[in-house]
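Letter by letter, the chains look like this.
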Amino acid sequence: MTTPAPTPAPKSMDDIMALCKRRGFVYQASEIYGGINGFWDYGPLGTLLKKNLRDAWWNDVVMFPCWGRKGPTDERVSIVPVDTCIIQNPRVWVASGHAAGFADPMRKCPGCGHFVRADHLWDILATQSEWLSSLLQEFTPITGEIDTPRLIKWARGRGKRVAPHLALVKQPEVVLSFLATRVNGQPDAPPDLQEIVRYIATAQLHATGLQDPCPRCGAPLGKPSAFKLMFESWAGVVQDDDHRVYLRPETAQGIFVQFKNVVDTTRVRAPFGIAQTGKSFRNEVTPRNFTFRSREFEQMEIEFFCHESEAMAWYAFWRDWRMEWWKSLGLAGDNLILREHEKDELAHYSKATSDIEYCFPFTSPGFGELEGVAYRGNFDLTQHQQHSGVKLDYFDTDRGELLPNGSRKGERYIPHVIEPSAGLDRGVLALLCEAYTKDDSRPSPEFMKFHPRVAPIKAAVFPLVNKDGMPEVADRLHADLSRAFGRQGLIETDAKQSIGKRYARMDEAGCPFCFTIDGETLKDQTVTLRDRDTGAQQRVGIDKVVGLVGDALSTSG
Ligand code: ATP
């Protein structure tokens, strides 16, 4: 009989965030001034990790699109890059729909003034509300008999501190008598958790109906109203409405407004894509979950232009290849899923959309979006054509009737668009969460299993002792590795501390290869290669080291 493998303990976001701070991956922005909500800085290792992920995308999307694969029309995928401004003419955002529609439904708490995003309320209550988690401990099982004395005790004690405006805290007897009628009176249709929470928040049940509570203080929340997500500023000296500008909420629109210039000034032919990476800004109402929902973040977006008849095939191609790409960087297994949107989730112009989602510790067992792949029809180009008055159609010389001279008559159309839109910071966060591994039996109980392509430190070379000719050999190997791979990441060398401590430091930074020069090296030209993930050691010829690292770093696919 085989013993089943132990189920790994769930990863703790607090542990991951602590390691990120301690090893210089991510810092709170403006930390010495108390930070600023929704903004994060990357430290030295985090900056390299982020650069490596951006470079992997750039190489695999722009320089060597889709690893040389052919698309559904049997042609190699063609992509060109642009780099457009964060601030655009404000009319861009009118045409794109952001000026009128890019807003979240917000609810204000009349008790404590806290704002909550209406569509995230129950997520927040379930995962972040201190009073609800404390109350639930008194309420087990939630649909059983209500233990009134226990709940009154909670309301008069802990409840007063954590949810002063909750109806249960203000009038425990009244609220519990309503709740008892509902719970005890209907054994066949017991209320669900959401309903119970609403009873608890509602004092005047007969007058007001059930109400949603504030996650912070328990007061019934007000009605939703629109909260604009675009950051505003002014361009020029005069700070009035005529000079108002916006920080872009997505990089995509810069691509659409340069579509005509790219077609007119390059040799692109449909189907082709335009790609860019860059910062975007959204004044998120409730930035949370570390860098997952930030107010300043970086996107990696492709707009792929094609004829309508081929659009669904290209949509399937991009959806599948983007999924494969994330897997190639180590986000494999059950933690990564592709979720096709239901019809009622689609934007009015979209014929199909899917999200690539990762199971973050804070969404588990659920998933959070890493990248959306959307078939947007020809909505964006049509909007910009209407608003700018400039024709944004495309003349396709490969289509239309066949002429006697063998060429085609051509066809004019506004291309349809497939948009694979990925979040760089969310990608980095997923890589951090996936890599984070805890094993108390190791000298470094926490270590990072980064894929070599994204690892900030690619390799480390250690002389076992700082004498007997070992430092000189280590220096030479370090120089060889730096020449070969120094553009892709750090190559470290370190002669201080015990070898175990040096390995432990590299494990925490996620360095995949440690090479140690020892007494044997001087005799037989071999070094010890230590495997980060298992701690196993083997001897390899010093002349094989560069090739071995190179193989691990080479492009996937
Ligand atoms: P969400 O539903 O999580 O708000 P979204 O559907 O609005 O995301 P898109 O507009 O499709 O996101 O943006 C594309 C990608 O940009 C997302 O898949 C995500 O990776 C990233 N992204 C969007 N908003 C944020 C944010 N506030 N912080 C970090 N990354 C973000």
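Above this text is the structure in question.
Residues numbered from 1 in each chain as written. Predicted model: local features only at pLDDT ≥ 70, side-chain atom pairs only at ≥ 80, totals over all residues. Heavy atoms only, no water.

Our next topic: the site of the ligand. In the vicinity of the ligand, 15 residues are found, and the nearest of them are Arg 282, Glu 284, Arg 293, Ser 294 and Glu 369. At 2.8 Å, a side-chain N or O of Arg 282 approaches an oxygen atom of the ligand. A distance of 2.7 Å separates an oxygen atom of the ligand from a polar side-chain atom of Glu 369. Summarising the interface, the protein chains cover 80% of the accessible area of the ligand, which totals 590 Å² for the free molecule. Elements supplying a minimum of two residues to the shell around the ligand: strand E10 (296-306), strand E13 (368-375) and strand E16 (416-423). With four residues, E13 is the largest single contributor of residues to the shell around the ligand. In terms of residue class, the shell around the ligand is made up of three nonpolar, six polar and six charged. (Near = heavy atom within 4 Å. Polar contact = N/O pair within 3.5 Å; in protein donor to acceptor, adjacent residues only side chain to side chain. Areas by Shrake-Rupley, 256 points an atom, 1.4 Å probe, with all protein chains shown as cover. Helix = DSSP H or I, 4+ residues; strand = E, 2+ residues; numbered from the N terminus. Nonpolar A, V, L, I, M, F, W, Y, C, P; charged D, E, K, R; others polar.)

Here five strands make up an open sheet; going across it, the order is E20-E19-E21-E22-E23 and the pairing mixed. One side of each edge strand has no neighbouring strand; the edge strands of this open sheet are strand E20 (490-493) and strand E23 (537-541). Put simply, the sheet's adjacent strands are angled 25 degrees from each other on average, direction ignored. Sheet topology note: the strand E21 (residues 513-517)/strand E22 (residues 526-531) ladder contains four bridges and is antiparallel. Paired with Thr 516 across the strands is Thr 528, a residue of E22. With respect to the sheet, helix H19 (residues 499-509) is in contact with strand E19 (457-463), E20, E21, E22 and E23, its orientation differing from that of E19 by roughly 175 degrees. Contacting E19, E21, E22 and E23, helix H21 (residues 545-553) crosses the sheet at an angle of about 175 degrees to E21. (Pairing = 2+ DSSP bridges. Axes fitted to C-alpha atoms, helices over the stretch in contact; angles between N-to-C directions. Contact = heavy atoms within 4.5 Å.)

The topology assignment puts His 341 in the loop between strand E11 (336-340) and strand E12 (352-358). The buried category is assigned to His 341, whose relative accessible area is 18%. Within the structure, His 341 has its side chain in polar contact with the side chain of Asp 355 (distance 2.8 Å). Setting aside its immediate chain neighbours within four residues, His 341 contacts Leu 346, Thr 353, Ser 354 and Asp 355. (Buried < 20%, exposed > 50% of the residue type's maximum accessible area, 1.4 Å probe, protein only.)

Turning our attention to the packing of aromatic side chains. Think of a pair of aromatic rings as described by two things: how far the centres are apart, and how the planes are tilted against each other in angle. Counted by the stated rule, this structure contains 22 aromatic pairs. Summarising the aromatic geometry, the rings of Trp 314 and Phe 317 are spaced 5.3 Å apart at their centres and angled 80 degrees between planes, so their arrangement reads as edge-to-face. One end of the pair is Trp 314 and the other is Phe 317, both in helix H15 (residues 308-328) and three residues apart, which spans about a single turn. In this structure, Trp 314 and Phe 317 share a single accessibility class: buried. An angle of 15 degrees between the planes, with centres 6.2 Å apart, marks the rings of Phe 513 and Phe 515 as stacked. You'll find Phe 513 and Phe 515 in the same group, each marked buried. Every member of this aromatic cluster is reached through a ring pair, and the members are Trp 67, Phe 304, Trp 314, Phe 317, Trp 318 and Trp 321. Sitting over the ring of Phe 292, Arg 426 keeps its end group 3.7 Å from the ring centre. We note Arg 442 situated over the ring of Phe 447; from NZ or CZ to the ring centre the distance is 3.6 Å. (Phe/Tyr/Trp six-rings, centres within 6.5 Å; stacked < 30°, edge-to-face > 60°. Lys NZ or Arg CZ within 6 Å of the ring centre and 35° of its normal.)

All right, on to the environment of Leu 392 then. Tracing the backbone shows Leu 392 in the loop between helix H16 (379-388) and strand E14 (394-396). For Leu 392, a relative accessible area of 7% gives the class buried.

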